[in-house]
Amino acid sequence: MSTIDEYSAAQLSGLYRSGALSPVEVADALLARIEAWEPRINAMYRVLRPRALEQAKASEARWRAGRPLSPLDGVPVTIKENIATEGVPSPIGTRANEDADPAAADAPPAARLREAGCVLLGKTTMPDYGMLSSGLSSLHGVTRNPWRLDRNTSGSSAGAGAAAAAGYAPLHLGTDIGGSLRLPATHCGIFALKPSLGRVPIYPPYMGRVAGPMTRSVADAALLMNAIARPDARDFMSLPPHEVDYAAALEGLALNKLRVGFLPDMGAGLPVHPEVRAAAAAAVRALASAGCVVEEMRSFLTPQMLDGMCRFFEARSYGDYAQLPAAKQAKVLPFIAEWCSWRARSFSGRDVMQAYGQVMAMREAAVAACQRYDFVVSPVSPILPYAAESAAPGDDPHNALPHIAFTVAYNMSEQPAASLNWSASADGLPIGVQLIGRRFDDLGVLRLARALEGLRPAQNSWPALP
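Attention now goes to the overall build of the protein chain. Summing up its helical and strand segments, the protein chain has 14 helices and 15 strands in all. For a compact globule of 466 residues, the expected C-alpha radius of gyration is about 23 Å, and the protein chain comes in at 21 Å, within 12% of that figure. Put simply, of all contacts in the protein chain between residues at least 6 apart along the chain, 79% involve residues at least 24 apart. Per element, the accessible surface of the protein chain, about 16800 Å² overall, is 53% carbon and sulfur. For the protein chain, the centre of its 44 positive side-chain charges and the centre of its 44 negative side-chain charges are spaced 2 Å apart.

Pasting the structure below:
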């Protein structure tokens, strides 16, 4: 029999409906699992035990009365620290904000989960300002990969990725501005969807910034999208309502009618590890065997575009850093302080606009390159999980983001993109593949991911406590 940490959101909903299991039993079991795992992986910023049990009791009463708020009523969830939840501070990963006040209101994705009746077990960790693809934070410490504790989760949704792999809950909510959902997903062996910009309202909105699901299965991500892809006027970049049941529409994608581009190498950033390349190639071979027309693509990304993106991120972050008092600057992770300052402190307005021009060139090139295909398949990260204590691959603050070349373009182009675990390296580390759709085709990406889920090789068992 499955243990509670192995149940999907859909299974829990069915068990609640039948009365075979209660939200309180589930919350108790998962809070105990968090307590057992946390000394090893440090995925949680705050565990909200009393509040979670109170929410579970209220959900239990609704199910007994036959009046659940949604199919996800009583299903446990974690939310990334930077997504505001009423009454909990959001210090965005840095000691410079360790005195942050509790949030006055839920951000849009958190509000939708509360309205659906989900049980919030707690908030997950992230690196300083969300500007590291790492689990290292001046405030939270080191978040470790459950598959191997000496390995990095990547980031910035580091805690969410680790929590999903460790079975803290079936549903996790993270954010992504350059790969922060997909990179932890590939390194932690889970599924994540970066929705089209504006599909899931978020506050505050920003160019490329999205919130999305991180789960162990595509079906659970689709259920979570049903809850969070709803309008909220606070996001002035949000898309018009899209009335679709993502979970109900997952099955039945006709693979023999699809044209798929295969992008094995970006030609910028870090070289692709042979095992990562092999996993992506195996995924497209499976699609070809199922009837897809597969065509290898040349990269659309230039080193100049990637450097422009990095300079733009540096300028944005330096603006935040420079306005801090000296005492708070001293609390920022030194790697981040150096990364955002080393050249941005001398940027002119012209420098920033030239960097922005490269970002827009990247956006245009990504949309144009993908336009001829129904979907594109590529690696997610070019590398396998690196050392847990590292701020970035290579630990060079003057070259901190060379591993985001496969992911960042789709934030700027507003296209949906997902990471689906495919296989494992020779030493057992997860390797995911990235699935990219045309702008606004979030359902299509979920449907392709569901089809590939059925074509992939047998998966390793989830990590167990030592």
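Structure's up, so let's keep going.
A word on the environment of alanine 418. Note on placement: alanine 418 falls in strand S14 (residues 417-424). Alanine 418 sits in the buried class, given a relative accessible area of 0%. Considered as a pair, alanine 418 and phenylalanine 236 are 182 residues apart in the sequence and their alpha carbons are 24 Å apart. Beyond its immediate chain neighbours, meaning those up to four positions away, alanine 418 contacts Arg182, Phe191, Ala192, Leu193, Val433, Gln434, Leu435 and Val445.

The buried fraction of helix H7 (residues 218-228) amounts to 10 of the 11 residues, a majority that puts the element mostly inside the structure. Buried within H7 we find Val218, Asp220, Ala221, Ala222, Leu223, Leu224, Met225, Asn226, Ala227 and Ile228.

Here the focus is the sheet that holds strand S2 (residues 76-80). As a general point, the strands of a sheet are linked pairwise by backbone hydrogen bonds and lie either parallel or antiparallel. In space, the 11 strands of this open sheet follow the order S1-S3-S2-S8-S10-S9-S14-S15-S13-S11-S12, with mixed pairing throughout. Across the chains shown, the open sheet's two edge strands, defined by having one partner strand only, are strand S1 (44-47) and strand S12 (293-296). Taken over all neighbouring pairs, the strand axes of this sheet differ in orientation by 25 degrees on average, direction set aside. The pairing of strand S9 (residues 191-194) with S14 spans three bridges and is classified as antiparallel. Within S14, the position partnered with alanine 192 by the bridge is serine 419. Helix H3 (residues 49-64) contacts S1 and strand S3 (119-124) of the sheet and is inclined by roughly 155 degrees relative to S3.

Let's shift gears to the packing of aromatic side chains. In total, this model carries five aromatic pairs according to the counting rule given. Ring plane angle 45 degrees and centroid distance 5.9 Å describe the contact between phenylalanine 312 and tyrosine 356, whose orientation is recorded as tilted. Residue phenylalanine 312 is found in helix H9 (residues 303-322), and its partner tyrosine 356 is found in helix H12 (residues 349-370); the two are separated by 44 residues along the sequence. Tyrosine 356 sits in the partly exposed class, given a relative accessible area of 30%. Positioned over the ring face of tryptophan 462 is arginine 216, at 4.2 Å from the centre of the ring. One Lys or Arg, arginine 316, reaches over the ring of tyrosine 206 and ends 4.2 Å from the middle of that ring.

Here the focus is helix H5 (residues 158-166). Think of an α-helix as turning once every 3.6 residues; residues three or four places apart then point the same way. With nine of nine residues buried, H5 is to be regarded as a mostly interior element. Among the residues of H5, Ala158, Gly159, Ala160, Gly161, Ala162, Ala163, Ala164, Ala165 and Ala166 are the ones counted as buried. Against the buried residues of H5 lie helix H2 (23-41), S3, strand S6 (144-145), strand S8 (171-176), helix H6 (182-188) and strand S10 (210-215). Following H5 by one or two positions, glycine 167 has its phi on the positive side, about 80 degrees.

We now examine the nonpolar core. Core analysis: the biggest nonpolar cluster contains 141 residues, and Phe300 and Leu446 have the highest contact counts within it. Here this core gets nine residues from one element, more than from any other, and that element is helix H8 (residues 274-289). The contacts of leucine 446, once residues within four sequence positions are left out, are Phe191, Leu193, Val218, Ala221, Ala222, Met225, Tyr246 and Leu250. Formed by 11 residues, the second largest nonpolar core is a distinct cluster that contains Leu181, Ile190, Leu197 and Met214.

Next up on the list: the pairing of S8. Burial of S8 is extensive: six of the six residues sit out of reach of the surface. Here S8 shows no split at all, with Leu171, Leu173 and Thr175 on one side and His172, Gly174 and Asp176 on the other all buried. In this sheet, S8 lies alongside S2 in parallel orientation, the contact comprising three bridges. In the strand pairing of S8, threonine 78 is matched with histidine 172. Alignment of S8 against S10, held across six bridges, turns out to be antiparallel. When the sheet's bridge partners are listed, aspartate 176 is paired in S10 with valine 210.

Following both chains from N to C, one finds H9 and H12 inclined at 130 degrees, their axes separated by 8 Å at the closest point. In this view, H9 runs oblique relative to H12, as classed from their interaxial angle. Between H9 and H12 the crossing geometry is left-handed. Residue-level contacts link Gln304, Met305, Leu306, Gly308, Met309, Arg311, Phe312 and Ala315 of H9 to Asp351, Val352, Ala355, Tyr356, Gln358, Val359, Ala361, Met362 and Ala365 of H12. Broken down by class, the residue content of the contact of H9 with H12 amounts to 12 nonpolar, three polar and two charged.

What follows concerns the state of the cysteines. A full pass over the atoms with the stated rule returns zero disulfides. For the unlinked cysteine cysteine 292, the closest cysteine sulfur is that of cysteine 370, found at 16 Å. For cysteine 292, a relative accessible area of 7% puts it in the buried group.

Cut-offs and rules
Residues numbered from 1 in each chain as written. Predicted model: local features only at pLDDT ≥ 70, side-chain atom pairs only at ≥ 80, totals over all residues. Heavy atoms only, no water. Helix = DSSP H or I, 4+ residues; strand = E, 2+ residues; numbered from the N terminus. Rg over C-alpha atoms; globule rule 2.2 N^0.38 Å. Contact = heavy atoms within 4.5 Å. Areas by Shrake-Rupley, 256 points an atom, 1.4 Å probe, with all protein chains shown as cover. Lys, Arg positive; Asp, Glu negative; His and termini not counted. Charge placed at Lys NZ, Arg CZ, Asp CG, Glu CD. Buried < 20%, exposed > 50% of the residue type's maximum accessible area, 1.4 Å probe, protein only. Pairing = 2+ DSSP bridges. Axes fitted to C-alpha atoms, helices over the stretch in contact; angles between N-to-C directions. Phe/Tyr/Trp six-rings, centres within 6.5 Å; stacked < 30°, edge-to-face > 60°. Lys NZ or Arg CZ within 6 Å of the ring centre and 35° of its normal. Core = buried A, V, L, I, M, F, W, Y, C linked by side-chain atoms within 4.5 Å. Parallel < 35°, antiparallel > 145°, perpendicular 65-115°, else oblique. Left-handed = near helix turned anticlockwise from the far one by under 90°. Nonpolar A, V, L, I, M, F, W, Y, C, P; charged D, E, K, R; others polar. Disulfide = S-S within 2.5 Å.

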